[in-house]
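# Report on the structure
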Amino acid sequence: MPLSTGHAHIPHDRRPARQVPGTRPAASDTARIISDPGTPVFVTVHADGRRRYGYWRPLDPATGRGSCYVALPTDECDSLYAAGRITLGEPVVDPSRTTYRVRAARTAARALRAVPGPVLAA
């Protein structure tokens, strides 16, 4: 099927933009996207070692925008992975690439503080 020669779709997020259009999302935005259970994020590792993180943005019927693949900044995602903030799921292996589901890492529950005993007056 030939590519459309019409205008390009501009990705749209329902949340207010916190960045200048045309710039990369902040690391906190990248982490927010990955941690959203309704937004499946994947990383594709090509045979030459190149990695690409991304997700599918569904069509927003209110604006008519979306229905496109959105890439995430590789260096920021790699930093999140190195810091243990994201994990990779089971690999799906093709001859030229391997794809993993990316998820936010589960954090250990905080240790409960001991409740101090009653203070007795002397």
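Preceding this paragraph is the structure being described.
This write-up is about the structure you can find in this document.

Reading guide: rules and limits
Residues numbered from 1 in each chain as written. Predicted model: local features only at pLDDT ≥ 70, side-chain atom pairs only at ≥ 80, totals over all residues. Heavy atoms only, no water. Helix = DSSP H or I, 4+ residues; strand = E, 2+ residues; numbered from the N terminus. Buried < 20%, exposed > 50% of the residue type's maximum accessible area, 1.4 Å probe, protein only. Contact = heavy atoms within 4.5 Å. Areas by Shrake-Rupley, 256 points an atom, 1.4 Å probe, with all protein chains shown as cover. Salt bridge = Lys/Arg side-chain N within 4 Å of Asp/Glu carboxyl O. Polar contact = N/O pair within 3.5 Å; in protein donor to acceptor, adjacent residues only side chain to side chain.

Per the secondary structure count, the protein includes 2 helices and 6 strands. When its helices and strands are written in sequence order, the protein yields α-β-β-β-α-β-β-β. Within the protein, buried positions represent 23% of all 122 residues. Considering only intrachain contacts with a sequence separation of at least 6, the fraction spanning at least 24 residues in the protein is 42%. Element-wise, carbon and sulfur atoms account for 59% of the exposed surface of the protein, whose accessible area totals about 9600 Å².

With that settled, consider the pattern of salt bridges. Counted according to the given criterion, the structure contains 2 salt bridges. Of the charged contacts in the structure, one is a salt bridge between Asp78 and Arg51, with a shortest N-O distance of 2.4 Å. Residue Asp78 is located in helix α2 (residues 74-82), and its partner Arg51 is located in strand β2 (residues 51-57); the two are separated by 27 residues in the primary sequence. One salt bridge in this structure joins Asp94 and Arg97, with 3.6 Å as the shortest N-O distance. Given a relative accessible area of 33%, Asp94 falls into the partly exposed group.

Along the chain, Thr39 turns up in the loop between α1 (27-35) and β1 (41-46). Within polar-contact distance, the side chain of Thr39 engages the side chain of Asp36 at 3.0 Å. Excluding residues that lie within four positions of it along the chain, Thr39 makes contacts with Ile33 and Tyr55.

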